[in-house]
Amino acid sequence: TCTALAAVVREIPGVLGVHGLRTRFLGKDVQVDMHVGVDPNITVSQAEEIADAVERVLYEAETAKRVGVGVCDVLVHVDPWRTQADTAAEEVCEK
């Protein structure tokens, strides 16, 4: 579930990386807590638009079909994504 959700989020324009993704089952659905990396040179408003897009996509029925579970709650933390080292050090799924 975690890896599939991260793959979906990486497809969203403006998302440069995903890390610290945690899921918790609540009934048959999951709560999602995650960090997304964005360009450090964009405005706060632009970063908020990216976070909103992440939330919208995760709530969509099509996403539930792709990952095999519905999402009932999303918390997105936005972080600056500075270098290729951020990508190399990316630990997507926390236990």
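Coordinates for the structure precede this section.
This write-up is about the structure you can find in this document. (Residues numbered from 1 in each chain as written. Predicted model: local features only at pLDDT ≥ 70, side-chain atom pairs only at ≥ 80, totals over all residues. Heavy atoms only, no water.)

Let us look at the overall build of the protein. The secondary structure content of the protein amounts to four helices and three strands. Here the protein holds 95 residues, and 36% of them are scored as buried. Looking at the protein alone, contacts between residues at least 24 apart form 62% of all its contacts between residues at least 6 apart. Put simply, the protein shows about 5600 Å² of open surface, and 50% of that area lies on carbon and sulfur atoms. (Helix = DSSP H or I, 4+ residues; strand = E, 2+ residues; numbered from the N terminus. Buried < 20%, exposed > 50% of the residue type's maximum accessible area, 1.4 Å probe, protein only. Contact = heavy atoms within 4.5 Å. Areas by Shrake-Rupley, 256 points an atom, 1.4 Å probe, with all protein chains shown as cover.)

Here we take up the pairing of strand S2 (residues 29-38). With seven of 10 residues buried, S2 is to be regarded as a mostly interior element. For strand S1 (residues 17-26) and S2, the ladder comprises eight bridges, and the chain directions are antiparallel. Following the sheet pairing, Arg 24 is matched in S2 by Gln 31. The loop that links S1 with its antiparallel partner S2 comprises two residues; one of these, Gly 27, has a positive phi angle of about 70°. Where S2 lies against strand S3 (residues 71-80), nine bridges are found, and the strand directions are parallel. (Pairing = 2+ DSSP bridges.)

Turning our attention to the nonpolar core. Ranked by internal contacts, the top residues of the largest apolar core, which has 26 residues, are Val 9, Val 15, Leu 21, Val 32, Met 34, Val 54 and Leu 58. Within the residue set of this core, elements represented by two or more residues are helix H1 (2-10), S1, S2, helix H2 (44-59) and S3. A total of seven residues in this core trace back to one element, the largest contributor, which is H2. In this structure Val 9 touches Val 15, Val 18, Met 34, Val 36, Val 54 and Leu 58, once residues within four positions along its chain are discounted. (Core = buried A, V, L, I, M, F, W, Y, C linked by side-chain atoms within 4.5 Å.)

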